[in-house]
Amino acid sequence: MNEVVKFTVPGSPVGKGRPRFSTQGQYVRTYTPEKTASYENLVKLEYQRQCGQCGMLEGAIRATITAVFPIPKSASKKLRLRMAQGSRHTKKCDADNIAKAILDALNNIAYADDSAISDLQVYKRYGEHPGVEVILEEVEDNE
């Protein structure tokens, strides 16, 4: 039977930031931005807290990521009601950067490497309770 793992990361979604560079003498140092590193740590902690007893997934994996963004405080009551019903989010951050942050954070925790992700769906919506729902499931080659 295919194993399915589901967990939620609370708070506003954060996309993977571009790597930063600094020079130290003659050498260039590459580092991950602090906001990205903090968010990836939050993803790891939530996975371990909610799915700590789950084994590592193997083979091909299908990932479904639903990112829920907070409704802006400036939204009118009418707009707020429509957004609360799952209106699509079309502002920054990009869907691919959200997926990259989540999937990179789960390397060596949920699976050996994120190259095992063969199917990926990312949804961006507005909602009253911001967060990211992640569903990972092993899939057969004939699916």
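Structure: above.
Our subject in this report is the structure included herewith. (Residues numbered from 1 in each chain as written. Predicted model: local features only at pLDDT ≥ 70, side-chain atom pairs only at ≥ 80, totals over all residues. Heavy atoms only, no water.)

1. Focus: the pairing of strand S2 (residues 20–24)
Next, step 1: Examined bridge by bridge, S2 and strand S3 (residues 27–31) share five bridges and lie antiparallel to one another. Across the sheet, the residue bridging to arginine 20 is tyrosine 31, located in S3. (Pairing = 2+ DSSP bridges. Helix = DSSP H or I, 4+ residues; strand = E, 2+ residues; numbered from the N terminus.)

2. Some points on the state of the cysteines
Next, step 1: With the rule as written, the count across this model stands at zero disulfides.
Next, step 2: For the unlinked cysteine cysteine 54, the closest cysteine sulfur is that of cysteine 51, found at 4.4 Å. (Disulfide = S-S within 2.5 Å.)

3. Some points on unusual backbone geometry
Next, step 1: For the peptide bond that leads from lysine 92 to cysteine 93, omega is 15°, which places it in the cis range.
Next, step 2: With respect to the helices, strands and loops of the structure, cysteine 93 is situated in the loop between helix H2 (77–84) and helix H3 (95–105).
Next, step 3: The phi torsion at asparagine 108 lies on the positive side, around 65°, for a residue other than glycine.
Next, step 4: Within the secondary structure layout, asparagine 108 lies in the loop between H3 and strand S5 (117–127).
Next, step 5: For asparagine 108, a relative accessible area of 60% gives the class exposed. (Buried < 20%, exposed > 50% of the residue type's maximum accessible area, 1.4 Å probe, protein only.)

4. Thoughts on the pattern of salt bridges
Side chains that differ in charge, positive against negative, can pair when their charged atoms come close.
Next, step 1: Counting across every chain of the model gives seven salt bridges.
Next, step 2: Between glutamate 133 and lysine 6 there is a salt bridge; the shortest N-O distance is 3.5 Å. Taken together, the positions of glutamate 133 in strand S6 (residues 131–138) and lysine 6 in strand S1 (residues 4–10) put the pair 127 residues apart, joining distant regions of the chain.
Next, step 3: For glutamate 133, a relative accessible area of 28% puts it in the partly exposed group.
Next, step 4: What you see here is one network of salt bridges that share partners, running through Lys16, Glu40, Lys100 and Asp104. (Salt bridge = Lys/Arg side-chain N within 4 Å of Asp/Glu carboxyl O.)

5. Quick notes on the sheet that holds S1
Next, step 1: The mixed open sheet is built from four strands, whose spatial order is S1-S6-S4-S5. Each end of this open sheet is capped by a strand with a single partner; those strands are S1 and S5. In this sheet, neighbouring strand axes are inclined to one another by 10° on average, regardless of whether the strands run parallel or antiparallel.
Next, step 2: In terms of strand pairing, strand S4 (residues 61–70) meets S6 through eight bridges, oriented antiparallel. Each residue of the ladder has a partner; that of arginine 62, found in S6, is glutamate 137.
Next, step 3: In the packing of helix H1 (residues 34–51) onto the sheet, contacts are made with S1 and S6, and the angle to S1 comes to roughly 130°. (Axes fitted to C-alpha atoms, helices over the stretch in contact; angles between N-to-C directions. Contact = heavy atoms within 4.5 Å.)

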